Amino acid sequence: MKELIDKLAETQSLTKDEIVLLLDNRTALLSEYLFEKSREVREKYYGKDVYIRGLIEFTNYCKNDCFYCGIRKSNKNTCRYRLTPEEIIECCQMGYDLGFRTFVLQGGEDSEYSDMKIIELIWSIKEKYSDCALTLSVGERTYETYAAFLGAGADRYLLRHETANPTHYHPLHPPKMSCEERKKNLHNLKKLGFQTGAGFMVGSPWQTTEYIAEDLLFLKDLQPEMVGIGPFLPHHDTPFAKMEKGSLELTLFLLGM
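Note that the structure is a prediction, hence the values are computed from the model and not measured. (Residues numbered from 1 in each chain as written. Predicted model: local features only at pLDDT ≥ 70, side-chain atom pairs only at ≥ 80, totals over all residues. Heavy atoms only, no water.)

Undergrad: Hey, could you go over the packing of aromatic side chains for me, with residue numbers and the actual values?
TA: Going through the model one piece at a time under the given rule, you end up with nine aromatic pairs. Measuring from ring centre to ring centre gives 5.3 Å for Tyr96 and Tyr129, while their planes differ by 40°; the resulting arrangement is tilted. Taken together, the residues span a long stretch of sequence, with Tyr96 in helix H4 (residues 85-98) and Tyr129 in the loop between helix H5 (115-128) and strand E3 (133-137) at a distance of 33 residues. A relative accessible area of 24% means that Tyr96 is categorised as partly exposed. Residue classification places Tyr129 among the buried residues on the basis of a relative accessible area of 2%. Note on Phe232 and Phe240: the rings are 6.4 Å apart at their centroids and 75° apart in plane angle, and the pair reads as edge-to-face. Of the two residues, Phe232 and Phe240, both sit in the buried class. Its end group placed over the ring of Tyr61, Arg82 keeps NZ or CZ at 4.0 Å from the ring centre. A cation over a ring is seen here: Arg101 above Tyr96, with NZ or CZ 3.6 Å from the ring centre. (Phe/Tyr/Trp six-rings, centres within 6.5 Å; stacked < 30°, edge-to-face > 60°. Helix = DSSP H or I, 4+ residues; strand = E, 2+ residues; numbered from the N terminus. Buried < 20%, exposed > 50% of the residue type's maximum accessible area, 1.4 Å probe, protein only. Lys NZ or Arg CZ within 6 Å of the ring centre and 35° of its normal.)

And the structure:
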């Protein structure tokens, strides 16, 4: 197993079978060996710096009905809110005064916040805080809309794919949502020149080691600038309320890879 970690460190690549073998045979000692290699890479490129982002959750309305999500359209118990553009700018000012130089506008796919409203927000934020990076996380949009967001001044876009396997994607999402559409959107963001973020849940219902390996290989192919990997946490107001939560230990191992 150490040889596989060495290969990963040297080539940044493993086959699907090798990834499955490594994940299925991980141990505490193997994790420490992996983390040692990971720290070497991190310190080579980032030293010990920590970068902090100012995350603004500006709406929890969403047209989608993803079965694992607490703000899914069908959840009638959620206390919904929507910040006004003025409130969002106020949040940016507070963050700027505290030293934040990256703002993230994140929310559900809220039809009240049209493409044009988002564009106007981008203009306002970039005009006032020109020395700050602006990241968007507002879901699936058309290629033309992504291009307009970029043209307005947005720098980065977060769009977690959650699972790269269509068979696994289907029972986690309503029929109108598509794994291939999600991947297409991520490739569009990369093509346009966004600094792009993808990522997946660890331990989501019906996930297998093979599916996790496919997630890692998808990320290898996409080459996003940002990757989010976090454990599945069951929300009490979703169909997955009684499902087992994802493993922190496995999540850390995957981050190390």
